[in-house]
Amino acid sequence: QVQLVESGGGLVQAGGSLRLSCVASGRPFSNYAMGWFRQAPGKERQFVAAISRGGSTKSYADSVKGRFTISRDNAKNTAYLQMNSLKPEDTADYYCAANNQVLISMVVNLAQVAYWGQGTQVTVSP
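All values derive from a computational prediction rather than experimental measurement.

Cut-offs applied
- Residues numbered from 1 in each chain as written.
- Predicted model: local features only at pLDDT ≥ 70, side-chain atom pairs only at ≥ 80, totals over all residues.
- Heavy atoms only, no water.
- Helix = DSSP H or I, 4+ residues; strand = E, 2+ residues; numbered from the N terminus.
- Rg over C-alpha atoms; globule rule 2.2 N^0.38 Å.
- Contact = heavy atoms within 4.5 Å.
- Areas by Shrake-Rupley, 256 points an atom, 1.4 Å probe, with all protein chains shown as cover.
- Lys, Arg positive; Asp, Glu negative; His and termini not counted.
- Charge placed at Lys NZ, Arg CZ, Asp CG, Glu CD.
- Salt bridge = Lys/Arg side-chain N within 4 Å of Asp/Glu carboxyl O.
- Buried < 20%, exposed > 50% of the residue type's maximum accessible area, 1.4 Å probe, protein only.
- Pairing = 2+ DSSP bridges.
- Axes fitted to C-alpha atoms, helices over the stretch in contact; angles between N-to-C directions.

Side note on the overall build of the protein
- From N to C terminus, the protein includes zero helices and eleven strands.
- Helices and strands in the protein line up, N terminus first, as β-β-β-β-β-β-β-β-β-β-β.
- For the protein, the C-alpha radius of gyration of 13 Å lies close to 14 Å, the compact-globule estimate for 126 residues.
- Across the protein, the fraction of contacts at a sequence separation of at least 24, relative to all contacts at a separation of at least 6, is 60%.
- Surface exposure of the protein reaches about 6,400 Å², of which carbon and sulfur atoms provide 47%.
- With 12 positive and 7 negative side-chain charges, the protein shows a separation of 7 Å between the mean positions of the two kinds.

Focus: the pattern of salt bridges
- Applying the stated criterion to the full structure yields three salt bridges.
- Residue Asp90 is joined to Arg38 by a salt bridge in which the shortest nitrogen-to-oxygen separation is 2.9 Å. Note that Asp90 is positioned in the loop between strand 8 (78-83) and strand 9 (92-99) and Arg38 in strand 4 (residues 33-39), a separation of 52 residues in sequence. The exposure classification of Asp90 matches that of Arg38, with both residues buried.
- Residue Asp62 pairs with Lys65 through a salt bridge whose shortest N-O separation is 3.1 Å.
- Look at Asp62 and you get exposed, because its relative accessible area is 65%.
- A network of salt bridges, in which partner residues are shared, links Arg38, Arg67 and Asp90.

A word on the sheet that holds strand 7 (residues 68-73)
- A sheet is described by the order of its strands in space; here four strands give the open sequence 1-3-8-7, paired in antiparallel fashion. Whereas interior strands pair on both sides, the edge strands pair on one side only; in this sheet they are strand 1 (4-7) and strand 7. Each strand of the sheet is rotated relative to its neighbour by a mean of 15 degrees, with strand direction disregarded.

A look at unusual backbone geometry
- Positive phi is not limited to glycine here, since Asn77 has a value of about 55 degrees.
- With respect to the secondary-structure elements, Asn77 resides in the loop between strand 7 and strand 8.
- Assessed through its relative accessible area of 13%, Asn77 is described here as buried.
- Backbone geometry at Ser85 places phi at a positive 50 degrees, although glycine is not the residue there.
- As for its placement among the helices and strands, Ser85 is situated in the loop between strand 8 and strand 9.
- The partly exposed category is assigned to Ser85, whose relative accessible area is 40%.

Given below as structure tokens:
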């Protein structure tokens, strides 16, 4: 069992930036493929970004490509999501996700998620 705790959400104006963090309690952290998902009010939870165990491979939803960057620091048991050029449509609860199953190399859809964080709210004003 791993626990994931997100932080870094808040209120920002359009065009601004936020950096989300996800700290994992499980070890070794390098066993977990990590990802970020978001859920807006009345919408389904959807994929945002993913990173492989070693950090060499990254994947992004089309809506955030060029604006968001996912990264990880395995020594700190932490995954990050740097969000730049934020838009009002980015407003949502953001969730950290993880999977340590060997056959899951990347967490890019809901079915591949084994563990969820509690979420952190991001609000982007016009």
